[in-house]
Every structure is written in C-alpha cells, then in structure tokens.
Amino acid sequence: MNYIIVSDIFGKTSYLTQFAQALNGEFIIVDPYDAQLQPVIDEELQYQQFISQCGHDGYFQKLNKVLDNIKTDTTIIGFSAGGAAAWRSQACTKNRYIKKLVAFYPNQIRYNLNLPATIPCELIFPYQEAHFDVSVIITSLQTKANVSCFQCDYGHGFMNPLSNNFDNQGYLYFSKRLFSDDL
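Residues numbered from 1 in each chain as written. Predicted model: local features only at pLDDT ≥ 70, side-chain atom pairs only at ≥ 80, totals over all residues. Heavy atoms only, no water.

Taking an unreviewed UniProt entry as the reference, the protein is identified by name as Dienelactone hydrolase domain-containing protein belonging to Pseudoalteromonas neustonica.

This is the structure:
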C-alpha cells in the first residue's frame, strides 16, 4: 500500500518523516509549507503561521492537486488540519486509487459534516475539544455510510511529539495499528 501523509499545522518534521518511514509502503508527505521546515514556536503561534501561509482552503486545494496525480492504491493519513483537508478532498476526488482515509483529531471537520464519505473513513477524535462537543460531531458522522468514528482517551495532538498533548502511549497504540494495517 502507498500512503499520503497530510501533516498538521507543524508541517513536515523529522517526527512525521520517521512515522511515515515506519509504514509498510511508499509515502508522500503533504504539508502546508511546501516541505520547508518551520521553526517550532508554540501551538497558537504555529496556528497563526498556518493560517497566514496556507489556511484551511489552501491546504484543501493543495491536497486535491496531489490526489489528482495518484496512480496506485493509496491510503490517506491526516492529522488535525491535514485530516480535515483530507475529509474534504476525499469527498470531491474522482481518483479511484484513493482507497481509505484515516484522520486523527480532524477538528475542522465540524464545518463540513454535510460531505459524503466516498471511501472508507476512520476518524479518530480526542476525548475532548475546546471549541465543540466531540460526541455531537461523532453522532452526526456515524450516520454516514463508509464512516467509523472512535473517541480515544487522548488529547488533540497526541500523535505529534511537538504538541502539548503528545501522549507516547496513544502514539504507540495507534502507530502499531497503522503499521500492521489494522486501521
């Protein structure tokens, strides 16, 4: 299997590259900053950097261009803003090679609940979000065909060592599932 890894607001990092290399297959990393490493500040300032350099709509459009050129069976793995962009992209792509989406804490998905799941979508939500009730979003999404949601015991960002909410136990659990193709 091939993978498209869609980063969070931190972009392409050594941690994300190591994660992608551990997958059993070829991969492409899509990030908001065209693979330019960003100085890691704090999450709030990083979010402002993301909005000023790319934004949610720009990220969605960037990912669409990548998906249009995929020619082999591919799974998308997205994190936060990348997971939300991937949710939007899977709904509009006509590329038959895009086979599955796994999205971790895609909080912006709440603005696009009307979109269909055109491929199997595994959406992994944190135990809570500051700006909305996660259970309401999950209830809405689980009515859709091709969607399965999981609310875990970890915070938003638990898969990223640069996040304040990084959780090694959660990272190891979900990485193991991904690396063994159990998601």
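Re the nonpolar core
Counting 35 residues, the largest nonpolar core has Trp87, Leu101, Leu123, Phe125 and Leu141 as the members making the most contacts within it. When residues of this core are traced back to their parent elements, those giving at least two are strand S1 (2–6), helix H3 (55–68), helix H4 (81–92), strand S4 (98–104), strand S5 (121–125), helix H5 (134–141) and strand S6 (147–151). For this core, the leading source of residues is H4, giving 5 residues. Judged by nonpolar contacts, the second largest core, of 20 residues, contains Leu16, Phe79, Ile124 and Cys152. (Core = buried A, V, L, I, M, F, W, Y, C linked by side-chain atoms within 4.5 Å. Buried < 20%, exposed > 50% of the residue type's maximum accessible area, 1.4 Å probe, protein only. Helix = DSSP H or I, 4+ residues; strand = E, 2+ residues; numbered from the N terminus.)

So, H5
Buried residues of H5: Val134, Ile137, Ile138 and Leu141, and no others. Each buried residue of H5 lies within a common arc of 100° when the element is viewed along its axis, so the set occupies one face. Elements in contact with the buried residues of H5: H4, S5 and S6. (Arc of directions from axis to C-beta. Contact = heavy atoms within 4.5 Å.)

Observations concerning the packing of H3 against H4
The geometry of H3 relative to H4 is characterised by a closest axis approach of 9 Å and an angle of 55° between their N-to-C directions. Here H3 is positioned oblique relative to H4, judged by the angle of their axes. As H3 packs across H4, the resulting crossing turns out to be right-handed. Where H3 approaches H4, its residues His56, Asp57, Tyr59, Phe60, Leu63, Asn64 and Leu67 are matched on the opposing element by Ala81, Gly82, Ala85, Ala86, Arg88, Ser89 and Cys92. For the contact of H3 with H4, the class distribution of residues is 8 nonpolar, 4 polar and 2 charged. (Axes fitted to C-alpha atoms, helices over the stretch in contact; angles between N-to-C directions. Parallel < 35°, antiparallel > 145°, perpendicular 65-115°, else oblique. Left-handed = near helix turned anticlockwise from the far one by under 90°. Nonpolar A, V, L, I, M, F, W, Y, C, P; charged D, E, K, R; others polar.)

Things to note about the sheet that holds S6
Strand order in the open sheet made by the 6 strands is S2-S1-S3-S4-S5-S6, with parallel pairing throughout. On the outer flanks of this sheet lie strand S2 (27–30) and S6, each paired with one strand and no other. With strand direction ignored, the average angle separating the axes of adjacent strands in the sheet is 15°. Note: S4 against S5, 4 bridges, orientation parallel. (Pairing = 2+ DSSP bridges.)

Some details on unusual backbone geometry
The backbone of Asp34 sits at a positive phi, close to 55°, despite the residue not being glycine. Locating Asp34 in the fold gives a position in the loop between S2 and helix H2 (43–53). When its relative accessible area of 59% is taken as the criterion, Asp34 is described as exposed.

Considerations on the layout of surface pockets
Estimated volume of the largest pocket: approximately 580 Å³. What lines the largest pocket is a set of 25 residues, among which Glu43, Asn107, Glu129, His131 and His156 lie closest to the centre. Looking at which element gives the most residues to the lining of the largest pocket, the answer is H2, with 4 residues. Across the lining of the largest pocket, the residue classes break down as 7 nonpolar, 13 polar and 5 charged. The volume enclosed by the second largest pocket comes to roughly 170 Å³. Around the second largest pocket, the lining comprises 14 residues; the ones closest to its centre are Tyr15, Leu16, Met159, Asn160 and Pro161. If you tally residues by element for the lining of the second largest pocket, the top one is helix H1 (residues 14–21), at 4 residues. By residue class, the composition of the lining of the second largest pocket is 8 nonpolar, 5 polar and 1 charged. (1 Å grid on protein atoms, 1.4 Å probe; cavity = no way out; pocket = protein on both sides within 12 Å on 5 of 7 lines; lining within 4 Å. Points joined across faces, edges and corners; volume = space filled by probe spheres on them.)

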